[in-house]
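Each chain, letter by letter, is given below.
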Amino acid sequence: MDRTVRTVEDVLALLDGLFASASEAGGRLATGDGRGFWDRFYTDRSRPVPFFAAKPDENLATYLDRGLVAAGRALDLGCGAARNAVYLAAHGFEVDAVDLSSVAVAWAEERAREAGVGVRFRCGDAFALPDAELTGPYDLVVDSGCFHHLPPHRRVSYLSLLDRVLAPGGHLALTAFAAGEGGMGSEHTDAELYRERDLGGGLAYTPESLRWIFSEFEEVELRRMRATPPESTLFGVPFLWTALFRRD
Ligand SMILES: C[S@@+](CC[C@H](N)C(=O)[O-])C[C@H]1O[C@@H](n2cnc3c(N)ncnc32)[C@H](O)[C@@H]1O
């Protein structure tokens, strides 16, 4: 008989396990156990996945254009093929970027090389990496589409990571699936997700839920992402919230 829970981290790992079989079956989980899913996801680069295009998020570009965030140290959390990390590095940021998938990181490294920018990539679970790997403090943490793949209990790890690495006065630029009309993602309550043991391909959020989760932060802007046409140099799909939060 195993007794596996002694610390809060043990509880979080136990809860991760509830979603692990769904992860292997359908890739619903994006913590450590989701690695295989994400590796497979990035293997065929020719798939028509909108965020495979090497374009930064339209909201992120406007934060820079409007002077809402200034060049400094940045962390791209769940960077994928590094659309945003490469953009930030090209705009004078010193960028660290982390992703669970080694296949994504290999693609991201190629893209940074081709763009002639330096990005410090790390492969691993952002919430389990030793502190020395994500040194911070960062002036900007960018998360485009990672947060909404986390199971509810991992919000605790997420907020704790921000607490450790985000500088006072620093910003979190977040995009997450929008609940409601024209949105995307699972609208099950947190409790239902644990009953179903399935994250349904990502969680939908309301603006109120994001405000509540990030209530320790000042809201600078929270709006839907603006759709961009295929010829645009910016990435924009209408089913995401974009939020810029500032830490006091
Ligand atoms: C929807 S993709 C978005 C990728 C990238 N941000 C973009 O917009 O192109 C979500 C990414 O989060 C990564 N991810 C999920 N959970 C993670 C974790 N715990 N630590 C690091 N990366 C994670 C996945 O590997 C995947 O690349």
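Reading the values: the criteria
- Residues numbered from 1 in each chain as written.
- Predicted model: local features only at pLDDT ≥ 70, side-chain atom pairs only at ≥ 80, totals over all residues.
- Heavy atoms only, no water.
- Core = buried A, V, L, I, M, F, W, Y, C linked by side-chain atoms within 4.5 Å.
- Buried < 20%, exposed > 50% of the residue type's maximum accessible area, 1.4 Å probe, protein only.
- Helix = DSSP H or I, 4+ residues; strand = E, 2+ residues; numbered from the N terminus.
- Contact = heavy atoms within 4.5 Å.

## What about the nonpolar core?
One broad trend across soluble globular proteins is that nonpolar side chains are buried collectively.
Argument step 1. Counting residues in hydrophobic clusters, the biggest one holds 33 residues, and the most contacted among them are Val-141, Phe-147, Tyr-158 and Phe-214.
Argument step 2. Those elements that provide at least two residues to this core are strand 1 (73-77), strand 4 (138-144), helix 6 (154-165), strand 5 (166-177), helix 8 (207-213), strand 6 (217-224) and strand 7 (240-247).
Argument step 3. Once residues within four sequence positions are removed from consideration, Phe-147 is found in contact with Arg-155, Tyr-158, Leu-174, Ala-176, Tyr-205, Leu-210, Ile-213 and Phe-214.
Argument step 4. Residues Val-86, Ala-89, Val-95 and Ala-112 belong to the second largest nonpolar core, which totals 26 residues.

## Some remarks on helix 4 (residues 83-90)
Argument step 1. Most of helix 4 is tucked away: seven of the eight residues are buried.
Argument step 2. Positive backbone phi, at 90 degrees, marks Gly-92, one or two positions downstream of helix 4.

## What about the environment of Val-95?
Argument step 1. Residue position: Val-95 is located in strand 2 (residues 94-99).
Argument step 2. With relative accessibility at 3%, the residue Val-95 sits in the buried group.
Argument step 3. Each C-alpha atom, one on Val-95 and one on Ala-71, is 10.0 Å from the other, the two residues being 24 residues apart in sequence.
Argument step 4. Those residues within four positions of Val-95 in sequence are excluded, and the remaining contacts are Ala-74, Ala-85, Leu-88, Ala-89, Val-119 and Arg-120.

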